[in-house]
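Results of the structural survey
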Amino acid sequence: MKLGARPSASIGPEKMSRAGGAGPRHVAIIMDGNGRWARAHGLPRAEGHRRGVEAVRRTIAAARELGIEAVTIYSFSSENWSRPAAEIGELMSLLKRFIRSDLRDLHTKNVRVRIIGERHPSDNEVQALLEEAEELTRHNTGLNLTVAFNYGGRNEILRAARKLAAEIAAGRLEASQISEQDLAGALDTADLPPLDLVIRTSGEQRLSNFLLWQSAYAELVFLPVLWPDFDRSWLEQALAEYARRDRRFGGLDPTER
Ligand code: IPE
Ligand code: IPE
Ligand code: MG
């Protein structure tokens, strides 16, 4: 499919039957392509990021309508600090503006906001707003919206390893007894449902350090759309693709047993 081509409305009869299966509980999205969108429209990169925020709003609305339990969005990676200071500043102020303008509305809609990633001292205002969002929505029971900020999958696993090492040092845990559940429970995503689907926009086909542990058996869907153009129809296309996949988890398809 060409970049930017609209998803086809029909997914075909043989695929329809499978699309009726259980949908993903937890969808993670690598929102990529803001810069390329801006370049394609002859606009500064910052405008691509601003239009990306609109796509975030559309995605949250669509996820609620479609009854998805948890959505995790990659908003700023631990590697994105290597971008020019002006672009980092723009991304930080967009995040702050988004929380200031949308937090009340998200709360009204019963959305629970969580933040994953390493707390970063560079911008106290961002940290304070992120913590306010978590605190205000802590008891909400609707969509679980997780924002990955200053997030890196390797860093998350490293911090989990440190927590377990501290437990061992304190005599509360035996090294030989550490289980996968212990490690998963020490990750930032401990309270979230298992990850079912990772969507990346822009055509790039890599994880870029996103949810490395959690994506071990997630389905990966790469869409030929730049993030600012993402909307409900693209999300539905990803869900339809997910429904067509055989998730085997190392076992056999039930029909072959
Ligand atoms: C995604 O768009 C936003 C962030 C990574 C913060 P990009 O800024 O990576 O856009 P491209 O990849 O340059 O098109
Ligand atoms: C991944 O996109 C990070 C986010 C979407 C926040 P990047 O654009 O930073 O990833 P690379 O550099 O293409 O791998
Ligand atoms: Mg990119």
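Higher on the page you've got the structure.
Below, the structure is looked at part by part. Per-chain numbering applies: the sequence of each chain, read as written, is numbered from 1 onward. Chain letters start at A and ligand numbers start at 1, both assigned in the order the entries are written. Selection of residues for local features in this predicted model requires a pLDDT of at least 70, selection of side-chain atom pairs for listing and counting requires 80 or more, and totals for whole chains, interfaces and linings are taken over all residues. Hydrogens and waters are ignored; side-chain quantities use all the structure's heavy atoms.

**Remarks on the overall build of the chain**
Here a strand is any run of E in DSSP of at least two residues, a helix any run of H or I of at least four, and the numbering for each starts at the N terminus. Helices and strands together make up the secondary structure of the chain, namely 8 helices and 6 strands. For this measure, only C-alpha atoms enter the radius of gyration; the expected value for a globule follows 2.2 Å times N^0.38, where N is the number of residues. For 257 residues, the compact-globule formula gives about 18 Å, and the C-alpha radius of gyration of the chain, at 19 Å, lands near that figure. Each principal axis of the C-alpha atoms in the chain carries an extent, and together these give about 60 × 55 × 35 Å. Accessibility here uses a 1.4 Å probe with only protein chains present; expressed as a share of the type maximum, an area under 20% marks a residue as buried, one over 50% as exposed, and anything in between as partly exposed. Burial statistics for the chain: of 257 residues in total, 46% are counted as buried. Every accessible area reported is derived by Shrake-Rupley at a probe size of 1.4 Å, with residue values counting cover from the shown protein chains alone. Summing over all exposed atoms, the chain offers an accessible surface of approximately 13,300 Å²; the carbon and sulfur share of this is 52%. Neither His nor the chain termini are counted; the positive set is Lys and Arg, and the negative set is Asp and Glu. Here the site of a charge means NZ on Lys, CZ on Arg, CG on Asp, or CD on Glu. For the chain, the separation between the mean place of its 36 positive charges and that of its 35 negative charges on side chains is 4 Å.

**Brief notes about the environment of H139**
Of note, H139 is situated in the loop between α5 (124-136) and β4 (144-151). A relative accessible area of 71% means that H139 is categorised as exposed. Along the sequence, H139 and L252 sit 113 residues apart, while their C-alpha atoms lie 40 Å from each other.

**Here we look at the site of ligand 1**
Consider each residue's heavy atoms; a residue with any of them within 4 Å of a molecule or strand counts as near. Near ligand 1 lie 13 residues; those nearest to it are D32, G35, R36, R45 and R83. At a separation of 2.8 Å, an oxygen atom of ligand 1 approaches a polar backbone atom of R36. For ligand 1, an oxygen atom lies 2.7 Å from a polar atom in the side chain of R83. Here ligand 1 has 380 Å² of accessible area as a free molecule, and 86% of this is covered by the chains. With a 1 Å grid spanning the protein atoms alone, the term cavity applies to any set of points in which a 1.4 Å probe fits but cannot get out, the term pocket to an open set with protein on both sides within 12 Å along at least five of seven lines, and the term lining residue to any residue with an atom within 4 Å of a point. What decides whether a molecule sits in a cavity or pocket is whether more than half of its atoms lie within 2 Å of the grid points. In a pocket analysis with a 2 Å cut-off to the grid points, ligand 1 is assigned to the largest pocket. When residues of the shell around ligand 1 are traced back to their parent elements, those giving at least two are α2 (34-40), α3 (45-65) and α4 (85-108). Sort the elements by how many residues they give to the shell around ligand 1 and α2 lands first, with 3 residues. Think of it as three bins: nonpolar holds Ala, Val, Leu, Ile, Met, Phe, Trp, Tyr, Cys and Pro, charged holds Asp, Glu, Lys and Arg, and polar takes everything else, Gly as well. Looking at the shell around ligand 1 residue by residue, the classes come out as 2 nonpolar, 6 polar and 5 charged. By the criterion applied in these results, polar contacts are pairs of N or O atoms within 3.5 Å in which, for protein atoms, one can donate a hydrogen and the other can accept it, and in which residues neighboring in sequence qualify only through two side-chain atoms.

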